[in-house]
Amino acid sequence: MTGTQRVRAWVGRHRLSLAVLVPVVLAFLWVASDEARAGWWRVENHLPVHPGPLGWAVVEDTGLSLESFERLRVLQEDDESSHPPAGYAVWRAVVASRSDHPDTRYCDVGVVDDRGRTFTAPLIGVPGYSDSTVGCGTRPDPEDLGEEPPAEGEPVPRPDSIVTEVLFLLPDDAEPVEVRVWTESRDDAGFGARYAALPVP
């Protein structure tokens, strides 16, 4: 009797036991993973919040708006101009935020294309480089931004909104459809499962 025949004979003899065992094991795995699935549902970004009639998506204590979104044919930095690398396009997103969050907070931002791909990598090595974060909490103190602090006795400026420009490097064949803003924080500073889904114009 060959090895294959022995396996078939063993399966034939234990067919009923296997028929009972497989659903029991699957049920056990489902119950054992319940806590992990519940934790994922609470904190992983999977619930989109779309802008209202005035263009603001309100997530928790923060409003987010896509002020502009455009493709840059020429990149300008100081007096020098350059073009994106061959096969790629540079897109600029300008995101505004208003927040009642009491502390400085930054959110991640990405561009989603028509195929569902999300691009978040920093635009490194291209003039005008910026990382993929936007301010979405109280504006930092001027010193934290490299600015001159206000004169003694003057209030620290806290604008109604923070406007951030972010550049993205996408393949030429990518057609952007949405700018997505979310938090990675798993504590009270985060957005939980929700994220701002801002359609591109």
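The structure under discussion appears in the preceding block.
Fair warning: this is a prediction, and the values are worked out from it, not measured in the lab.

> Got a minute to help me understand the nonpolar core in this structure?
Soluble, globular proteins show a tendency: their nonpolar side chains are buried together. Judged by nonpolar contacts, the single largest core of 26 residues is most densely connected at L66, F69, V179 and V181. When contributions to this core are tallied by element, the ones reaching two or more residues are β2 (57–59), β3 (62–72), β6 (88–99), β7 (106–113), β10 (162–171), β11 (176–182) and β12 (194–199). A per-element tally of this core places β6 first, with four residues. When neighbours within four sequence positions are excluded, V179 is seen to be in contact with L66, F69, A93, V95, V109, G110, V111, A196, A197, L198 and V200.

> Sorry, what's going on with the state of the cysteines here?
Covalent bonding between the sulfur atoms of two cysteines is what defines a disulfide. For the structure shown, the criterion picks out one disulfide. Across the disulfide from C107 sits C136; the S-S distance is 1.9 Å. For the disulfide bridge between C107 and C136, the dihedral angle about the S-S bond is near 85°, and by the sign convention the bridge is right-handed. Taken together, the residues span a long stretch of sequence, with C107 in strand β7 and C136 in the loop between β9 (133–135) and β10 at a distance of 29 residues. Each member of the pair, C107 together with C136, is buried.

> When you look at the pairing of β11 in this model, what are you seeing that I'm missing?
Along any regular strand the residues' side chains alternate between the sheet's two faces. The element β11 is largely enclosed, with a buried count of five among its seven residues. Of the strand pairs in this sheet, β7 and β11 are connected by six bridges, and their pairing is antiparallel. Each residue of the ladder has a partner; that of G110, found in β11, is R180. Across four bridges, the pairing between β11 and β12 is antiparallel. Each bridged residue has a counterpart across the sheet, and for V181 the counterpart in β12 is A196.

> Whenever I open this one, the packing of aromatic side chains confuses me. Can you help?
The geometry of an aromatic ring pair comes down to the distance between the two centres and the angle between the two planes. For the structure on display, the rule yields one aromatic pair. Aromatic side chains F69 and W91 sit 5.2 Å apart centroid to centroid with 10° between the ring planes, which places their arrangement in the stacked category. With a gap of 22 residues between them, F69 in strand β3 and W91 in strand β6 connect regions that are remote in the sequence. Here the two residues F69 and W91 agree in accessibility, since each one is buried.

> Would you mind showing me how to read the side chain of E178 here?
Tracing the backbone through its elements, the reader meets E178 in strand β11. Side-chain polar atoms of E178 contact the side chain of R180, separated by 2.9 Å. Setting aside anything within four residues of it in sequence, one finds E178 in contact with G110, V111, V112, Y195, A197, L198, P199 and V200.

> Looking at this structure, how should I read the environment of C136?
Among the residues examined, C136 registers a relative accessible area of 0% and is labelled buried. Sequence separation of C136 and T104 is 32 residues, and the distance between their C-alpha atoms is 7.7 Å. With residues near it in sequence (within four places) discarded, C136 still touches T62, L64, S97, S99, R105, Y106, C107 and F191.

Reading the values: the criteria
Residues numbered from 1 in each chain as written. Predicted model: local features only at pLDDT ≥ 70, side-chain atom pairs only at ≥ 80, totals over all residues. Heavy atoms only, no water. Core = buried A, V, L, I, M, F, W, Y, C linked by side-chain atoms within 4.5 Å. Buried < 20%, exposed > 50% of the residue type's maximum accessible area, 1.4 Å probe, protein only. Helix = DSSP H or I, 4+ residues; strand = E, 2+ residues; numbered from the N terminus. Contact = heavy atoms within 4.5 Å. Disulfide = S-S within 2.5 Å. Pairing = 2+ DSSP bridges. Phe/Tyr/Trp six-rings, centres within 6.5 Å; stacked < 30°, edge-to-face > 60°. Polar contact = N/O pair within 3.5 Å; in protein donor to acceptor, adjacent residues only side chain to side chain.

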